[in-house]
Amino acid sequence: MKTLELLAKACAVIGGGLLTLITLMTCASLIGRNTVGITLAGDFELTGVAAGAAIALFLPLCQVRRGNIIVDFFTSNAAASTTAALDRFGALLLAIAMALMAWRSTLGGLNAYTTHSGTMMLGFPEWVVYACIAPALALTAMIALAQAVQGSGEDVQP
Amino acid sequence: MSPLLLTLMIFAIMLGLMAIRTPIAIAMFTAGCIGYVTQAGWSPLANFLNSQAFARFASYDLSVIPLFILMGHFATQGGISKALFRFASAVMGRFKGGLAMAAVLASAAFGAICGSSVATAATITSVALPEMKRHGYSGRLSTGTLAAGGTLGILIPPSVPLVIYAILAEQNIAKLFAAAMIPGLIAMLGYMAAIAVYVRLVPGHAPEQNTCLLYTSDAADE
């Protein structure tokens, strides 16, 4: 779990750096367009794909911190052991869903790589984004699986 | 099985999963997958999922949302919320119940940086609640004020729910933001007026005499 947590943090840092870079890129492009008339063609595509990669890279840390939104209204009076068991079940379901998505995204990424599919303006290769999404989803699945097996031990942040 | 009955059953499964603490996203994902498999089969679903993560995540329309969140975090980490509350309490501090009004004002100002009500409430609460407690505001007044002030986060632009609505309904985001501005300001003034009336009508919730500037610079630098 410690290793997974470290990896999740590393992913999130990369995602944050990516978002910051893309913000600066958009600023530069907008300032250039509105002052000297030089702009980066297809800046919106880069924003889209970078945001997509960043969102996927944030998912592992989100799961480490159990940040996925749940409804706790109906179980607020239940015993702690009951909610812990339900949380394990939820984590297991999430692990299965994430593993499914990671597997299918890998195949989708391979397909995008072999068919050289890219964005419209810049032709930015889509497989690069898949290469960020698929491992991040797989890591999320592993974290969720660990949480389902271990329950909320001491090493899991509340 | 008739399609209607199937739909109702899948809907019931989704709500049931949500009720037992399954993450909402996963409850919806499971319900969608069940529906897809029963109607079209496993292979179409698997093929559909190949590109879905990319198509949903790498969307330029929605990329504004993580960027708003990033902006809010930069503002919070940069200490803007403290500075806002200091400013607001300097403006409102002379009135009775001034710190509560200052919390509303700070929430509105923070709503201009942050597009989420929960984030606004959480950020302003972390600064304003200890300060209000220290000056003898009742728990009822201070928490109620902060909860109400948090709703200004989505009214005053930027607003994440408005962006999502605009994209789904294909509306102009800038016009929606402009339209939310006036109601947001009216709500802010209304909350402040309500606090002013409440602290006068119901004694014991706010300190009687405010001694000039309550929020000193020492407290802000803790």
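**Quick word on the overall build of chain B**
Consideration 1: Within chain B, the regular secondary structure consists of 12 helices and zero strands.
Consideration 2: Listing each helix as α and each strand as β along chain B from the N terminus yields α-α-α-α-α-α-α-α-α-α-α-α.
Consideration 3: A globule of 222 residues ought to have a C-alpha radius of gyration of about 17 Å, yet chain B, at 23 Å, is considerably larger.
Consideration 4: Out of the 222 residues belonging to chain B, those deemed buried represent 46%.
Consideration 5: Sequence separation of 24 or more characterises 70% of the internal contacts of chain B that already satisfy a separation of 6 or more.
Consideration 6: With an accessible surface of roughly 11,300 Å², chain B has 70% of that area assigned to carbon and sulfur atoms.
Consideration 7: Where the 11 positive side-chain charges of chain B centre and where its 7 negative ones centre are 7 Å apart.

**Thoughts on the packing of helix H5 (residues 80-92) of chain B against helix H7 (residues 117-134) of chain B**
Residue and element names in this part refer to chain B.
Consideration 1: One can describe the packing of H5 onto H7 by two numbers: an axis separation of 9 Å at closest approach and a directional angle of 45°. As the angle between them shows, H5 and H7 are arranged oblique. The handedness of the crossing between H5 and H7 is right-handed. Residues Ser 81, Lys 82 and Phe 85 of H5 form the contact with H7, whose participating residues are Thr 123, Ile 124, Val 127, Ala 128 and Glu 131.

**Looking at the side chain of Ser 81 of chain B**
Residue and element names in this part refer to chain B.
Consideration 1: Tracing the chain through its elements places Ser 81 in helix H5.
Consideration 2: Given a relative accessible area of 5%, Ser 81 falls into the buried group.
Consideration 3: Excluding residues within four positions of it along the chain, Ser 81 makes contact with Ala 75, Phe 110, Thr 123, Ile 124 and Val 127.

**Digging into the interface of chain B and chain A**
Consideration 1: Listed by partner, the interface residues are 29 residues for chain B and 40 residues for chain A.
Consideration 2: The contact between chain B and chain A buries some 3,000 Å² in all, and 78% of this surface belongs to carbon and sulfur atoms.
Consideration 3: Ranking the residues of chain B by area buried against chain A places Arg 21, Phe 54 and Phe 57 of chain B at the top, with a combined share of 27%.
Consideration 4: Along the contact surface separating chain B from chain A lie one salt bridge.
Consideration 5: Across the pair Asp 87 of chain A and Arg 21 of chain B runs a salt bridge whose closest N-O atoms are separated by 2.9 Å.
Consideration 6: One can count four residue pairs in polar contact (both at pLDDT 80 or more) joining chain B with chain A.
Consideration 7: Among the secondary structure elements, those contributing two or more residues to the side of chain B that touches chain A are helix H1 (3-19), helix H2 (24-39), helix H3 (42-57) and helix H4 (64-77) of chain B.
Consideration 8: It is H3 of chain B that contributes the most residues to the side of chain B that touches chain A, 10 residues altogether.
Consideration 9: A per-class count over the side of chain B that touches chain A returns 20 nonpolar, eight polar and one charged.

**Points about the pattern of salt bridges**
Opposite charge on two side chains lets them pair, provided their charged atoms get close.
Residues and elements named next belong to chain A.
Consideration 1: Applying the stated criterion across every chain yields a total of three salt bridges over all chains.
Consideration 2: In this structure, Arg 33 engages Asp 43 in a salt bridge whose closest nitrogen and oxygen atoms are separated by 3.2 Å. Of the two residues, Arg 33 sits in helix H1 (residues 2-34) while Asp 43 sits in helix H2 (residues 43-64), which places them 10 residues apart along the sequence.
Consideration 3: Here Asp 43 falls in the buried class, since its relative accessible area comes to 9%.

**Some remarks on unusual backbone geometry**
Residues and elements named next belong to chain B.
Consideration 1: Between Pro 157 and Pro 158 the backbone carries a cis peptide bond, its omega angle lying at -5°.
Consideration 2: Relative to the helices and strands, Pro 158 is located in the loop between helix H9 (152-155) and helix H10 (160-169).
Consideration 3: Despite not being glycine, Glu 170 has its phi angle at roughly 55°, a positive value.

**So, helix H6 (residues 98-111) of chain B**
Residues spaced three or four apart along an α-helix point in a common direction, a consequence of the helix completing one turn every 3.6 residues.
Consideration 1: The end-to-end C-alpha distance of H6 of chain B is 20 Å, a good match for the 20 Å that 14 residues give at a rise of 1.5 Å each.
Consideration 2: When you tally the buried positions in H6 of chain B, you get 13 out of 14 residues, the bulk of the element.

**Side note on H5 of chain B**
Consideration 1: Here H5 of chain B spans 18 Å end to end across 13 residues, near enough to the 18 Å set by a 1.5 Å rise per residue.
Consideration 2: Elements that come into contact with the buried residues of H5 of chain B comprise H4, H6, H7 and helix H11 (173-201) of chain B.

**Let's talk about the nonpolar core**
Inside soluble globular proteins, nonpolar side chains tend to come together where they are buried.
Consideration 1: Grouped together as the largest cluster of nonpolar side chains are 46 residues, with contacts concentrated most on Met 98, Val 129, Ile 133, Leu 137 and Ile 143 of chain A together with Phe 54 and Phe 57 of chain B.
Consideration 2: If you list the elements that add at least two residues to this core, you get H1, H2, helix H3 (80-114) and helix H4 (126-150) of chain A together with H1, H2 and H3 of chain B.
Consideration 3: With 10 residues, H4 of chain A is the largest single contributor of residues to this core.
Consideration 4: Excluding residues that lie within four positions of it along the chain, Ile 133 of chain A makes contacts with Gly 52, Ala 56 and Ser 105 of chain A together with Ala 53, Phe 54 and Phe 57 of chain B.
Consideration 5: Among the nonpolar cores identified, the runner-up in size contains 33 residues, and Ala 103, Phe 110, Val 127 and Leu 152 of chain B belong to it.

Reading the values: rules and limits
Residues numbered from 1 in each chain as written. Chains lettered and ligands numbered in written order. Predicted model: local features only at pLDDT ≥ 70, side-chain atom pairs only at ≥ 80, totals over all residues. Heavy atoms only, no water. Helix = DSSP H or I, 4+ residues; strand = E, 2+ residues; numbered from the N terminus. Rg over C-alpha atoms; globule rule 2.2 N^0.38 Å. Buried < 20%, exposed > 50% of the residue type's maximum accessible area, 1.4 Å probe, protein only. Contact = heavy atoms within 4.5 Å. Areas by Shrake-Rupley, 256 points an atom, 1.4 Å probe, with all protein chains shown as cover. Lys, Arg positive; Asp, Glu negative; His and termini not counted. Charge placed at Lys NZ, Arg CZ, Asp CG, Glu CD. Axes fitted to C-alpha atoms, helices over the stretch in contact; angles between N-to-C directions. Parallel < 35°, antiparallel > 145°, perpendicular 65-115°, else oblique. Left-handed = near helix turned anticlockwise from the far one by under 90°. Buried area = accessible area lost by both parts, 1.4 Å probe. Salt bridge = Lys/Arg side-chain N within 4 Å of Asp/Glu carboxyl O. Polar contact = N/O pair within 3.5 Å; in protein donor to acceptor, adjacent residues only side chain to side chain. Nonpolar A, V, L, I, M, F, W, Y, C, P; charged D, E, K, R; others polar. Expected span 1.5 Å × (residues − 1). Core = buried A, V, L, I, M, F, W, Y, C linked by side-chain atoms within 4.5 Å.

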